[in-house]
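The chain contents come next:
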Amino acid sequence: TQLLEQSPQFLSIQEGENLTVYCNSSSVFSSLQWYRQEPGEGPVLLVTVVTGGEVKKLKRLTFQFGDARKDSSLHITAAQPGDTGLYLCAGAPGNQFYFGTGTSLTVIP
Amino acid sequence: EAGVAQSPRYKIIEKRQSVAFWCNPISGHATLYWYQQILGQGPKLLIQFQNNGVVDDSQLPKDRFSAERLKGVDSTLKIQPAKLEDSAVYLCASSARPTGTGGNTIYFGEGSWLTVV
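Analysis parameters
- Residues numbered from 1 in each chain as written.
- Chains lettered and ligands numbered in written order.
- Predicted model: local features only at pLDDT ≥ 70, side-chain atom pairs only at ≥ 80, totals over all residues.
- Heavy atoms only, no water.
- Helix = DSSP H or I, 4+ residues; strand = E, 2+ residues; numbered from the N terminus.
- Rg over C-alpha atoms; globule rule 2.2 N^0.38 Å.
- Buried < 20%, exposed > 50% of the residue type's maximum accessible area, 1.4 Å probe, protein only.
- Contact = heavy atoms within 4.5 Å.
- Areas by Shrake-Rupley, 256 points an atom, 1.4 Å probe, with all protein chains shown as cover.
- Phe/Tyr/Trp six-rings, centres within 6.5 Å; stacked < 30°, edge-to-face > 60°.
- Pairing = 2+ DSSP bridges.
- Core = buried A, V, L, I, M, F, W, Y, C linked by side-chain atoms within 4.5 Å.
- Buried area = accessible area lost by both parts, 1.4 Å probe.
- Salt bridge = Lys/Arg side-chain N within 4 Å of Asp/Glu carboxyl O.
- Polar contact = N/O pair within 3.5 Å; in protein donor to acceptor, adjacent residues only side chain to side chain.
- Nonpolar A, V, L, I, M, F, W, Y, C, P; charged D, E, K, R; others polar.
- Axes fitted to C-alpha atoms, helices over the stretch in contact; angles between N-to-C directions.

Q: Kindly report on the overall build of chain B, identifying the contributing residues and their values.
A: Secondary structure summary: chain B contains zero helices and 11 strands in total. The order of α-helices and β-strands along chain B, N terminus first, is β-β-β-β-β-β-β-β-β-β-β. Relative to the 2.2 N^0.38 estimate, which gives 13 Å for 117 residues, the radius of gyration of chain B is 14 Å and therefore close to what a compact globule would have. Counting only C-alpha atoms and orienting by the principal axes, one finds that chain B spans roughly 40 × 25 × 25 Å. Sorting the 117 residues of chain B into buried and exposed places 44% on the buried side. Counting contacts in chain B only where the partners sit at least 6 residues apart, residues at least 24 apart contribute 54% of the total. A total of about 5,600 Å² of accessible surface is found on chain B, and carbon and sulfur atoms cover 50% of it.

Q: I'd like a description of the side chain of Gln48 of chain B, backed by residues and values.
A: Take Gln48 of chain B: it is sitting in strand S5 (residues 44-50). Leave out the neighbours within four places in its chain, and Gln48 of chain B touches Asn95, Gln96 and Phe97 of chain A together with Thr31, Leu32, Tyr33, Gly53, Val54, Val55, Asp56 and Thr99 of chain B.

Q: Before we move on, can you summarise the environment of Leu11 of chain A with the specific residues and values?
A: Looking at the element boundaries, Leu11 of chain A is found in strand S2 (residues 10-14). Those residues in contact with Leu11 of chain A that sit more than four places away from it in its chain are Leu19, Ser104, Leu105 and Thr106 of chain A.

Q: Talk me through the packing of aromatic side chains; I want residue IDs and the actual numbers.
A: In the structure shown here, the tally under the stated rule is 12 aromatic pairs over all chains. Aromatic pair Phe97 of chain A and Phe99 of chain A: ring centres 5.5 Å apart, planes at 90°, arrangement edge-to-face. Among the residues examined, Phe99 of chain A registers a relative accessible area of 3% and is labelled buried. Between Tyr33 of chain B and Tyr35 of chain B the ring centres are 6.1 Å apart and the planes differ by 25°, which places this aromatic pair in the stacked class. Exposure remark for Tyr35 of chain B: the relative accessible area of 0% places this residue in the buried category. Among the aromatic residues, ring-to-ring pairing joins Tyr35, Phe97 and Phe99 of chain A together with Tyr33, Tyr35 and Phe108 of chain B into one connected group.

Q: Could you give an account of the pairing of strand S11 (residues 112-116) of chain B, naming the residues involved and the relevant values?
A: All names here are of chain B. Residues of S11 alternate between two faces, with Ser112, Leu114 and Val116 buried on one and Trp113 and Thr115 left unburied on the opposite face. By the bridge criterion, four bridges tie strand S2 (residues 10-13) to S11 in an arrangement that is parallel. By the bridge assignment for S11, Ile12 is matched with Thr115. Judged from the three bridges that link them, strand S9 (residues 88-95) and S11 form a sheet pairing that is antiparallel. Pairing of Val89 across the sheet is with Trp113, part of S11.

Q: I'd like a rundown of the nonpolar core, residues and numbers included.
A: One finds Phe21, Trp34, Leu77, Ile79, Tyr90 and Leu114 of chain B to be the most contacted residues of the largest nonpolar core, which totals 21 residues. Mapped onto this core, the elements with two or more residues apiece are strand S3 (19-24), strand S4 (31-37), S5, strand S8 (75-79), S9 and S11 of chain B. The next biggest cluster of nonpolar side chains, apart from the first, holds 20 residues, and it includes Val21, Phe65, Leu105 and Val107 of chain A.

Q: How would you summarise the interface of chain A and chain B if you had to cite specific residues and measurements?
A: Facing the 20 residues of chain A at the interface are 23 residues of chain B. Of the roughly 1,600 Å² buried between chain A and chain B on both sides combined, carbon and sulfur atoms contribute 55%. Three residues, Gly40, Phe97 and Phe99 of chain A, lead the burial of chain A against chain B; their summed loss comes to 28% of the area buried on that side. Across the contact surface, chain A and chain B share zero salt bridges. In this structure, the connection of chain A to chain B is made through four residue pairs in polar contact (both at pLDDT 80 or more). Counting only elements with at least two residues in the side of chain A that touches chain B, the list comes to strand S4 (32-37), strand S9 (85-91) and strand S10 (98-99) of chain A. Tallied by class, residues from the side of chain A that touches chain B come to nine nonpolar, 10 polar and one charged.

Q: I'd like a description of the sheet that holds strand S3 (residues 19-24) of chain A, backed by residues and values.
A: Residues and elements named next belong to chain A. With respect to topology, five strands assemble into an open sheet ordered S1-S3-S8-S7-S6, the strand pairing being antiparallel. Strands at the two margins of the open sheet, each flanked by one partner only, are strand S1 (5-7) and strand S6 (55-58). If you compare each strand with its neighbour and ignore which way they point, the axes differ by 15° on average. Where S3 meets strand S8 (residues 71-76), six bridges bridge the pair, whose relative direction is antiparallel. Among the inter-strand pairings, Tyr22 is bridged to a residue of S8, identified as Ser73.

What follows is the structure, encoded as structure tokens:
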């Protein structure tokens with residue numbers, strides 16, 4: 001059983017389309033983080049959300065933390081080929097830091 | 001500022017052989033993590049150190065995996081004997097503060113790619 005479940009697991013879309021990735025848990029998190037990982041590289045932090053209901057925008061990426069702090073979403077507007085990668089949510093319900101199951105995104109030019 | 005350094009980047013070994021991975025965290029970072037990542041999946045925490053003490057190793061297969069951080073700085077992860085299912089990327093990461101501390105950021109190395117044949 002994974003602590004953080006992401007959906008969808010795989011996503012292949014055309015350039016210019018919008019998409020949303022979901023991260024769900026039965027545990028409450030004080031904060032959740034989103035990472036992007038490109039092939040051959042380690043994960044790189046995109047954003048940290050800390051307040052229930054919080055919405056953060058990073059250019060074309062919009063991150064939302066659920067009111068109950070058990071879930072989060074990542075929305076990408078007008079996806080570009082450079083957005084291709086593995087998107088990971090992550091957080092620490094205690095003193096261990098866990099990653100989600102991952103969403104592999106491919107944006108086709 | 002130098003990032004998290006890992007070596008080797010790539011390793012191919014036969015099953016039942018042994019392998020060791022080395023990690024040097026960012027200077028001053030007290031917390032060090034080792035993760036195993038199967039291709040296309042999220043990283044799985046193997047072991048977490050706070051200075052030279054183990055915080056969590058509940059998902060470390062202790063019959064074949066071992067890790068140490070003797071002086072609280074760099075760390076070594078060893079696999080002996082390796083199995084085919086150990087083929088994965090082994091990511092080392094570090095953070096300045098313990099997990100769960102507000103404002104803590106975890107930095108990752110590029111990973112060590114292991115193929116067991």
